[in-house]
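Geometric and topological summary
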Amino acid sequence: MANTISFCSETMKQYEWLLTRYPTRRAALLPTLRLAESDFGELGVPEMRYVADLMEIPPAFVFGVVTFYTHYRRAGTGKFHIQVCSTLSCALRGSEDVVSRITERLGIKPGETTPCGHFTLSKVECLGSCDTAPMLQCNDDYHEDLSLEDVDQLIEQLRAEAEGGQNG
Amino acid sequence: MAENQTNDGTVAMTSWQLNGQEVENPTGMTIMEAAKEHGIEIPCFCYHPGLSIAGNCRICMVESNRSRKPVISCSEKIADGLEIETESELAVSSRNSVMEFQLINHPLDCPVCDKAGECTLQDHSYEHGPDRSRFVEDKNIRHTKELGPNISIWGNRCIVCTRCIRFCDEISGTSELCIVERGDRSVVDVFPEIPIDNQLAGNTVDICPVGALISHDFKYEARVWNMDRKDSVCGGCSRGCNVEVETLDGFVKRLMPRENLEVNDWWMCDEGRYGWRHLYADDRLSQATRDGTALADDSATAALEQLLSESGPVAFLIDPFLTCEEMHLVQGLAASRPGSSVGGWLPEDGIAANFPSGFKISAAKYPNRAGAEHIFGDQVFGNDATELQKALVSSDFNTVVAFCGGHLSSGPGESWAKALSSTPTSIIFSVKSGPWLEGASLVLPATAPIEKDGTWINEDGRLQRTRSCWNPGTEPFSVELVRLQTLQNALGIRGRSLSAAGIFRELAANNDSFAGHNHSDLGSPGLLLSERPAGIAMDGGSE
């Protein structure tokens, strides 16, 4: 299968700069995947293949790295990836209730994506924000000191954003 | 210069203590390798002598005076003054704990696992593991799927030693395999839609210490402890990879590479590995025929004798699959019929392959060309063959005896088939049916390479012993070695029949190229024809 995707020129420039920062090409794989993720939106088979070909690394190696880390956006992840912290502090402050409220509102369990493709729900380990427990991370943003009302409000806001984006 | 070479060329030695004994080994060895030289086998999963050191399974931990924690003996090197304990309380309890960890998610499916009986996990569990598990939670479920046309993974059994991954990175250089996910979910996988399909892929199944990688070819075929094993040599190409042929009730079930650092290291190619299927293909011959009518095996030998006793000069067409012993018998026959002539045919070349590890697949598909050239002269496949073909086409010979072996080859080409059919009396030893049998007077079933007992000389000039996959007396027809001797006895040019070793003794006594060699000194790596075994024993082997 020929690859039809490629980095935009701006990303390519960043990639070339990255290569100068690492002793070997392979060492630059993690940040290059980050670039790919932001350029392509997610890391699926064609994206991983593109990065492998670009960097002259076996595709299997790239696949192994992408699946090793949980912070890469793998293909099939919803537009909004809601990651609820479920480690000690958050758990004591009611992260389970946060998860069940989201499940109730969106109809998905942790590890699932809504059929519309807008939301993915995950339970994750400590996100390093114990002082503001319970908290969740949605894409790159933290939402802290959550009450169940905050959760409802967040979901409404995200839903509006997703649907708005679709219409626009 | 190697790490342990001193300036004066001797090997530098390191003194260290192994279980309280003062011992010496060449500098630079790992504890595991050095301990093995003193008869102490330290268990391992991820270590393989042919691969880089990964050090991830931790089963080889031993106690060291240089570390408060146990060290892994596969990567830790010996050093002067080092004191290693392999059976101390710390070493034993470390192994025990590692085994308990390895078994946490491993299913107890040995009764249906093809690896059972030759599984490192089973062996080490028996020897070093706890006899019960404290793990009461649910075991992890990981994927079971095809990774390529010949290989599947049973993910639940995988202990993530990465041997198969290192093999694809370092030996075949194809890098199809990787570990996906992490922690207790990690398992071997391929990139989506890039299956593992290289020419050496089958080796990953051999080196898998557990039953995670399974060969489709052998899946549910046999329990390994029920099979007979013979040390043979693959006849697929001129490399002559050392193989172990495993049979169940007389049928070949599997070929495995046999370690020979001079030829194939620990590996073999898939063409040779799965090539045994051709032995049972529809075109395989096992029945002698005279002018198209089936003959019993004894009558076939009698017919052969009758045809040859009446003949004048005979043309012999040999193939490069015959063993040196069979060639010696053919040469005896040729010598007894004045005016006879010998030529040989060569199978078509295949595609050569060189792998990063130095492993080679030869384009030349003739396992004993060198042997034939030492016995019949170096023009046997050259000028002699050209002359022979001309003579046959112009019907200069009344009788031809042809050998058409090689179960993987496409047989002698059209021009030879034409030459054979131009001869009034043609006697053909053939491993399978083909156009070269057209109009043959007598067709005799022939042995395929792994069914032969004798010696071959590979492309490097290495004389190697190959053994038949059949147990003596269970051959489905008279093999060439027996039939040719029976014929020689009947024609009065031989007094008694001998084993392959006996025939080889005759050959060594009569042919200077082979002088000094005998079967029993060949050992498993074989010998270069140019290097004579120490202490030349002219009376040869006793095998």
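Residues numbered from 1 in each chain as written. Chains lettered and ligands numbered in written order. Predicted model: local features only at pLDDT ≥ 70, side-chain atom pairs only at ≥ 80, totals over all residues. Heavy atoms only, no water.

1. Describing the packing of aromatic side chains
- Across all of its chains, the model carries 17 aromatic pairs over all chains by this definition.
- Between Phe40 of chain A and Tyr50 of chain A, the aromatic rings sit 5.7 Å apart at their centres with planes inclined by 85°, giving edge-to-face as the arrangement. Here Tyr50 of chain A lies in helix H3 (residues 45–55) and Phe40 of chain A lies in helix H2 (residues 29–40), a separation of ten residues in the sequence.
- Residue classification places Tyr50 of chain A among the buried residues on the basis of a relative accessible area of 9%.
- Taken together, the ring pairs in this structure connect Phe7, Tyr15, Phe40 and Tyr50 of chain A into an aromatic cluster.
- The side chain of Arg182 of chain B reaches across the aromatic face of Phe68 of chain A, ending 5.3 Å from its centre. (Phe/Tyr/Trp six-rings, centres within 6.5 Å; stacked < 30°, edge-to-face > 60°. Helix = DSSP H or I, 4+ residues; strand = E, 2+ residues; numbered from the N terminus. Buried < 20%, exposed > 50% of the residue type's maximum accessible area, 1.4 Å probe, protein only. Lys NZ or Arg CZ within 6 Å of the ring centre and 35° of its normal.)

2. Looking at the interface of chain B and chain A
- Of the residues lining the interface, 13 residues belong to chain B; the matching set on chain A comes to 13 residues.
- Each partner contributes to the roughly 1100 Å² buried at the junction of chain B and chain A, and carbon and sulfur atoms together form 69% of this total.
- Its largest share of buried area at the contact with chain A, chain B owes to Glu181, Arg182 and Phe191 of chain B, together 51% of the area lost on that side.
- At the junction of chain B and chain A, the tally comes to one salt bridge.
- In this structure, Arg74 of chain A engages Glu181 of chain B in a salt bridge whose closest nitrogen and oxygen atoms are separated by 2.9 Å.
- The tally of links from chain B across to chain A stands at three residue pairs in polar contact (both at pLDDT 80 or more). (Contact = heavy atoms within 4.5 Å. Buried area = accessible area lost by both parts, 1.4 Å probe. Salt bridge = Lys/Arg side-chain N within 4 Å of Asp/Glu carboxyl O. Polar contact = N/O pair within 3.5 Å; in protein donor to acceptor, adjacent residues only side chain to side chain.)

3. What about the pairing of strand S22 (residues 442–445) of chain B?
All names here are of chain B.
- The side-chain alternation of S22 yields two buried faces, one formed by Leu442 and Leu444 and the other by Val443 and Pro445.
- Sheet topology places strand S14 (residues 288–290) next to S22; two bridges connect them, and they run antiparallel. Bridging across to S22, Thr289 finds its partner in Val443.
- As defined by bridge partners, strand S21 (residues 425–430) adjoins S22 across four bridges and the pair is classed as parallel. In the sheet register, Ile428 faces S22, and the bridge partner there is Val443. (Pairing = 2+ DSSP bridges.)

4. Observations regarding the sheet that holds strand S3 (residues 61–64) of chain B
All names here are of chain B.
- Read from one edge of the open sheet, five strands run S2-S1-S5-S3-S4, paired in mixed fashion. Two strands bound the open sheet, and with one partner strand each, they are strand S2 (21–26) and strand S4 (71–72).
- The pairing of strand S1 (residues 13–18) with strand S5 (residues 83–85) spans two bridges and is parallel. Within S5, the position partnered with Leu18 by the bridge is Ile84.
- Sheet strands in contact with helix H2 (residues 89–104) are S3 and S5, and its direction is about 155° off that of S3. (Axes fitted to C-alpha atoms, helices over the stretch in contact; angles between N-to-C directions.)

5. Structural notes on the domain arrangement of chain A
- The assigned domain composition of chain A is domain 1 (9–68) and domain 2 (80–167).
- Computed from C-alpha coordinates alone, the two centres of domain 1 of chain A and domain 2 of chain A are separated by 29 Å. (Domains from an automatic or database assignment.)

6. A look at a negative patch on the surface
Residue and element names in this part refer to chain B.
- Together, Glu22, Glu24, Asp80, Glu83 and Glu85 line one region of the surface with negative charge.
- For the negative patch, the elements supplying multiple residues, two or more each, are S2 and S5.
- Within the fold, Glu22 resides in strand S2. (Patch = residues over 30% accessible without salt bridge, like charges linked within 9 Å, V, L, I, M, F, W, Y side chains within 5 Å. Areas by Shrake-Rupley, 256 points an atom, 1.4 Å probe, with all protein chains shown as cover. Lys, Arg positive; Asp, Glu negative; His and termini not counted. Charge placed at Lys NZ, Arg CZ, Asp CG, Glu CD.)

7. Things to note about the packing of helix H8 (residues 324–336) of chain B against helix H12 (residues 480–490) of chain B
Residues and elements named next belong to chain B.
- With their axes 10 Å apart at the nearest point, H8 and H12 run at an angle of 20° to one another. The orientation of H8 with respect to H12, classified from their angle, is roughly parallel. Our pair here, H8 against H12, has a crossing hand that is left-handed. Mapping the contact onto sequence places Glu325, Glu326, Leu329, Val330, Gly332 and Leu333 in H8 and Glu480, Leu481, Leu484, Gln485, Leu487 and Gln488 in H12. (Parallel < 35°, antiparallel > 145°, perpendicular 65-115°, else oblique. Left-handed = near helix turned anticlockwise from the far one by under 90°.)

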